[in-house]
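Here is what each chain is made of, one letter per residue.
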Amino acid sequence: MIRLEGISFAYDPAHPVLDQVDFTLSAGERVALNGPNGAGKTTLLHLMVGLVRPRKGRVVAFGRERRTETDFVEVRSRAGLLFQDADDQLFCPTVAEDVAFGPLNQGKSRAEARAIVRQTLADLGLESLENRVTHKLSGGQRRLVSLAAVLAMRPEALLLDEPTNALDEATRARLLDILAGLPLAMVVVSHDREVLDRLATRSAWLEGGRLG
Ligand SMILES: Nc1ncnc2c1ncn2[C@@H]1O[C@H](COP(=O)(O)OP(=O)(O)OP(=O)(O)O)[C@@H](O)[C@H]1O
Ligand SMILES: [Mg+2]
């Protein structure tokens, strides 16, 4: 579904982050991606959806090489990225608006988007949050609403950046159950042992700019 070929990347030339990285996410796979802080895990996910562009190498997604912003707009609609920080994901006044944002952007009508919001929140057991003010939610609630915002776009693949980080035990267990039940290809960046044990079909380790 998504393939990185020989990707090298640096935010600043003196500090290379990725060095000739190859990575493939195939349909049906759930890849756990781990590595030390600052290794470039978040950067790798951002490269896949064109939030940053490689200095060298190719991004191939859903059967085509992707280069331009237009290419990546489509990729971002088909591969849903859950940001490491929920505040990067949620920017609307209310939960309903945040979750409707993706579908509306995809060209759904107001009525269609509303139905998707209802359904997605219900699937995640978050109906009661629909009319809440997003920035007044707790950290864990924001994380779950972020996932709702991603799933509302009905993505074919999920890129999850530390989804269980800072969640209490019950919320974490609920999130893992939800993710385990989704029939989607996933890359899950996580230091959480249970993510690896319960979710992953394989794991990858990023360190020193290289993927192993
Ligand atoms: N916007 C940015 N501008 C400059 N440097 C950045 C930027 N974002 C990340 N970096 C640097 O790039 C490197 C990789 O960062 P990245 O966030 O991808 O690591 P990570 O593996 O996700 O770390 P963590 O486990 O802490 O989330 C780090 O050295 C970081 O300081
Ligand atoms: Mg990160």
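This text goes with the structure placed above it.
This section reports on the structure supplied with the text. (Residues numbered from 1 in each chain as written. Chains lettered and ligands numbered in written order. Predicted model: local features only at pLDDT ≥ 70, side-chain atom pairs only at ≥ 80, totals over all residues. Heavy atoms only, no water.)

**Quick word on the site of ligand 1**
For step 1, the next point in the chain: Taken together, 13 residues sit near ligand 1, with Gly-38, Gly-40, Lys-41, Thr-42 and Thr-43 positioned nearest.
For step 2, the next point in the chain: One of the side-chain N or O atoms of Asn-37 is found 3.0 Å from an oxygen atom in ligand 1.
For step 3, the next point in the chain: Gln-84 places a side-chain nitrogen or oxygen 3.0 Å from an oxygen atom of ligand 1.
For step 4, the next point in the chain: Computed on the free molecule, ligand 1 has an accessible area of 640 Å², of which 56% lies beneath the protein chains in the complex. (Near = heavy atom within 4 Å. Polar contact = N/O pair within 3.5 Å; in protein donor to acceptor, adjacent residues only side chain to side chain. Areas by Shrake-Rupley, 256 points an atom, 1.4 Å probe, with all protein chains shown as cover.)

**Overview of the side chain of Lys-41**
For step 1, the next point in the chain: Its location among the elements puts Lys-41 in helix α1 (residues 41–48).
For step 2, the next point in the chain: Despite its burial, Lys-41 remains without a salt bridge, the nearest opposite charge being carried by Glu-162 at 4.9 Å.
For step 3, the next point in the chain: Within polar-contact distance, the side chain of Lys-41 engages the backbone oxygen of Gly-35 at 3.1 Å.
For step 4, the next point in the chain: If sequence neighbours within four positions are ignored, Lys-41 has contacts with Leu-33, Asn-34, Gly-35, Pro-36, Glu-162, Val-189, His-191 and Leu-206. (Helix = DSSP H or I, 4+ residues; strand = E, 2+ residues; numbered from the N terminus. Buried < 20%, exposed > 50% of the residue type's maximum accessible area, 1.4 Å probe, protein only. Lys, Arg positive; Asp, Glu negative; His and termini not counted. Salt bridge = Lys/Arg side-chain N within 4 Å of Asp/Glu carboxyl O. Contact = heavy atoms within 4.5 Å.)

**Comments concerning the pairing of strand β2 (residues 15–25)**
For step 1, the next point in the chain: Of the pairings in the sheet, the one linking strand β1 (residues 2–12) to β2 comprises seven bridges and is antiparallel in character. Each residue of the ladder has a partner; that of Ala-10, found in β2, is Pro-16.
For step 2, the next point in the chain: Between the end of β1 and the start of β2, which pair antiparallel, lie two residues. (Pairing = 2+ DSSP bridges.)

**Focus on the pattern of salt bridges**
For step 1, the next point in the chain: Under the definition given, this model contains 20 salt bridges.
For step 2, the next point in the chain: The salt bridge partner of Arg-3 is Glu-5, with a shortest N-O separation of 2.7 Å.
For step 3, the next point in the chain: Judged by relative accessible area, which is 34%, Arg-3 ranks as partly exposed.
For step 4, the next point in the chain: Two residues, Glu-65 and Arg-58, come together in a salt bridge whose shortest N-O distance is 2.8 Å.
For step 5, the next point in the chain: Shared partners join several salt bridges into a network, and the residues in it are Arg-64, Arg-66, Asp-71, Glu-74, Arg-78 and Glu-156.

**A closer look at the packing of aromatic side chains**
Within a pair of aromatic rings, the relevant descriptors are the distance that separates the centres and the angle that separates the planes.
For step 1, the next point in the chain: For the structure on display, the rule yields two aromatic pairs.
For step 2, the next point in the chain: Centre to centre, the rings of Phe-9 and Tyr-11 are 4.7 Å apart; their planes meet at 90 degrees, and the pair counts as edge-to-face. (Phe/Tyr/Trp six-rings, centres within 6.5 Å; stacked < 30°, edge-to-face > 60°.)

**As for the sheet that holds strand β6 (residues 79–82)**
For step 1, the next point in the chain: Spatial ordering of the open sheet is given by β6-β7-β8-β3-β9-β10, a layout of six strands whose pairing is mixed. With one partner strand each, in any of the chains shown, β6 and β10 (210–211) form the two edges of the open sheet.
For step 2, the next point in the chain: This element, helix α2 (residues 69–78), spans β6 and β7 (157–161) of the sheet and lies at about 75 degrees to β6. (Axes fitted to C-alpha atoms, helices over the stretch in contact; angles between N-to-C directions.)

**With respect to the coordination of the magnesium ion (ligand 2)**
For step 1, the next point in the chain: The coordination sphere of the magnesium ion (ligand 2), as far as protein atoms go, consists of Thr-42 (OG1) and Gln-84 (OE1), spread over 2.0 to 2.2 Å. Within this pair, whereas Thr-42 is found in helix α1, its partner Gln-84 is found in the loop between β6 and α3 (86–89), the two being separated by 42 residues in sequence.
For step 2, the next point in the chain: Judged by relative accessible area, which is 23%, Thr-42 ranks as partly exposed. (Donors = N, O, S within 2.8 Å, 3.2 Å for Na, K, Ca; no water.)

**Points about the sheet that holds β2**
Backbone-to-backbone hydrogen bonds join strands into a sheet, with any given pair of strands oriented parallel or antiparallel.
For step 1, the next point in the chain: Pairing in this open sheet of four strands is antiparallel, and the strands run β2-β1-β4-β5 from one edge to the other. Every interior strand has two partners, whereas the edge strands, β2 and β5 (64–66), have only one. This sheet shows a mean twist of 35 degrees between the axes of neighbouring strands, independent of strand direction.
For step 2, the next point in the chain: Those strands touched by α1 are β1, β2 and β4 (56–61), and its axis lies near 120 degrees from that of β1.
For step 3, the next point in the chain: Set on the sheet, α2 makes contact with β4 and β5; between it and β5 the angle comes to about 110 degrees.

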